[in-house]
Amino acid sequence: MSSADNELSKLLENWDPNAELDVNFNRQVWIRLEGRVGSSWEVDALLALLERWLRVLARPRLAFAATTIAIFIGILVGGLQARSMQKEQYLLSVNPYWVNSTQTNLR
Amino acid sequence: MQRGLLVLALVIGVGVGTAVVSKHIFQEPPTAWLCREYGLNQQQVDQLKEPEKEYAYRCGHLCGEMCKANSDLETLALGSDSITPEVRAAVVVTDRIRTETRLEMLDHFYSIAATLPPERRHDYLVKVLPLVIEPCSSPMR
């Protein structure tokens, strides 16, 4: 044992922790522990999952595949929207009041 | 992770952009709905063109008249604090034009219905008549 260790041992023997704990110390510790355990495991799991997905998505092949799928879905959605609006467009095209109401302030 | 976020944003952006562009690309003339809904052939589609043109011309003329009549009514109504004979006359003019427009619409709808298969005419009229009967309401129904 070195002299530094001896000095430390003596110091610890003479140390008298005289600090008094707060009356609610134990209760507060438990409250903090419960709060941490209860609130975050689901969030942590979700964040971990999201992080894993994002790491996977960052791979060039998967990024390319995801972009290609997004383009196909975009074409499909755009086409369906254009088709679903046809009736409304026809009714607007034969409605002179609609044209008129866009041209005048008095409606 | 940042790279993954960037890729995700790119994928979403590309998807939304493609949807917007393809919506414009796939847009067809309004009569395309008539053809699809009522199964018209090319000859029937060609028959629609002339009434469409005439209707657009007549309604364009009436729209111009309506705009002017509305503008006159607005000027007179704002310049008065009671119903004067001039205000009353201006209201009558707008109503006359509105009635003429409704009759034009009805006439056009009958002419279009005449080109459709007989069993589908009633269905077409049910769809377009609200424009004539409730002309101030939105056609988006």
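What you are looking at is a predicted structure, and each value in this text was computed from that prediction instead of being measured. (Residues numbered from 1 in each chain as written. Chains lettered and ligands numbered in written order. Predicted model: local features only at pLDDT ≥ 70, side-chain atom pairs only at ≥ 80, totals over all residues.)

**Student:** So what exactly am I meant to see when it comes to the overall build of chain B here?
**Tutor:** Across its full length, chain B holds five helices and zero strands. Helices and strands appear in chain B in the N-to-C order α-α-α-α-α. Across the 141 residues in chain B, those meeting the buried criterion constitute 18%. The contacts in chain B between residues at least 6 apart in sequence include a share of 56% that link residues at least 24 apart. (Helix = DSSP H or I, 4+ residues; strand = E, 2+ residues; numbered from the N terminus. Buried ≥ 20, exposed ≤ 12 C-beta atoms within 10 Å, placed from the backbone. Contact = placed C-beta atoms within 7 Å.)

**Student:** I'm lost on the overall build of chain A in this one. Help?
**Tutor:** Helix and strand counts for chain A stand at five helices and zero strands. Counting across all 107 residues of chain A, residues that qualify as buried make up 12%.

**Student:** Could you clarify how one ought to interpret the interface of chain B and chain A in this entry?
**Tutor:** Interface size, as often reported, equals the accessible area lost upon joining of the parts. Taken together, the contacts link 42 residues of chain B with 37 residues of chain A. Elements that contribute at least two residues to the side of chain B that touches chain A include exactly α1 (2-25), α2 (31-38), α3 (42-78), α4 (85-115) and α5 (118-133) of chain B. At 17 residues, the largest contribution of residues to the side of chain B that touches chain A is made by α1(B). Partitioning the side of chain B that touches chain A into residue classes produces 28 nonpolar, ten polar and four charged. (Nonpolar A, V, L, I, M, F, W, Y, C, P; charged D, E, K, R; others polar.)

**Student:** Where do I start with the environment of B:A77 in this structure?
**Tutor:** Residues and elements named next belong to chain B. Relative to the helices and strands, A77 is located in helix α3. On the basis of neighbour count, A77 is assigned to the partly exposed category, with 16 C-beta atoms found within 10 Å. In the structure, A77 is positioned 14 residues away from V91 in sequence and 9.6 Å away in space, judged by C-alpha atoms.

**Student:** What's the story with the nonpolar core in this structure? I'm lost.
**Tutor:** Taken as a class, soluble globular proteins show a tendency for nonpolar side chains to be buried jointly. Listed in full, the ten residues of the largest apolar core are A:Y90, A:L91, A:V94, B:W33, B:L34, B:M105, B:F109, B:I112, B:V128 and B:L131. Secondary structure elements with two or more residues in this core: α4 (86-93) of chain A together with α2, α4 and α5 of chain B. No other element matches α4(B), which puts three residues into this core. In contact with B:L34, other than residues within four places in its own chain, are A:Y90, B:L40 and B:L48. Counting seven residues, the second-largest nonpolar core is a separate cluster that includes B:C59, B:L62, B:M66 and B:I97. (Core = buried A, V, L, I, M, F, W, Y, C linked by C-beta atoms within 7 Å.)

**Student:** Teacher, can you tell me more about α4(A) here?
**Tutor:** In an α-helix there are 3.6 residues to a turn, and that puts residues three or four apart on one side. For α4(A), the complete set of buried residues consists of A:Q86, A:Y90 and A:L91. For α4(A), the angular spread of the buried residues around the axis is 135°, confining them to a single face. Where α4(A) is buried, its residues meet α3 (60-84) of chain A together with α2 and α5 of chain B. (Arc of directions from axis to C-beta.)

**Student:** Is there a simple way to explain the environment of A:A58 in this structure?
**Tutor:** The topology assignment puts A:A58 in the loop between α2 (25-57) and α3. Excluding residues that lie within four positions of it along the chain, A:A58 makes contacts with A:A63, B:R3, B:G4 and B:V7.

**Student:** Is there a simple way to think about the packing of α3(B) against α4(B) in this case?
**Tutor:** The relative placement of two packed helices is expressed as an angle between their axes plus a distance between the axes. Residue and element names in this part refer to chain B. Where α3 contacts α4, the two axes come as close as 9 Å, and the packing angle between them is 170°. What the angle tells us is that α3 and α4 run roughly antiparallel. Residue classes in the contact of α3 with α4 are distributed as 16 nonpolar, eight polar and six charged. (Axes fitted to C-alpha atoms, helices over the stretch in contact; angles between N-to-C directions. Parallel < 35°, antiparallel > 145°, perpendicular 65-115°, else oblique.)

**Student:** When you look at the packing of α2(B) against α3(B) in this model, what are you seeing that I'm missing?
**Tutor:** All names here are of chain B. Where α2 contacts α3, the two axes come as close as 11 Å, and the packing angle between them is 140°. By the angle between their axes, α2 is oblique relative to α3. As for how α2 packs across α3, the hand of that crossing is right-handed. Contact residues: α2 offers T31, L34 and C35, while α3 offers V45, L48 and E52. The residue inventory of the contact of α2 with α3, partitioned by class, reads four nonpolar, one polar and one charged. (Left-handed = near helix turned anticlockwise from the far one by under 90°.)

**Student:** Looking at this structure, how should I read the confidence of the model for chain B?
**Tutor:** Caution is warranted with low-pLDDT regions, since their predicted coordinates should not be read in detail. Residues and elements named next belong to chain B. Residues at a pLDDT of 70 or more form 95% of chain B, whose mean pLDDT is 86. When pLDDT is averaged over each helix and strand of chain B, the minimum, 83, is found for α2 and the maximum, 92, for α4. For this predicted complex, the interface score ipTM comes out at 0.71, alongside a pTM of 0.59. (pLDDT = per-residue confidence, 0-100.)

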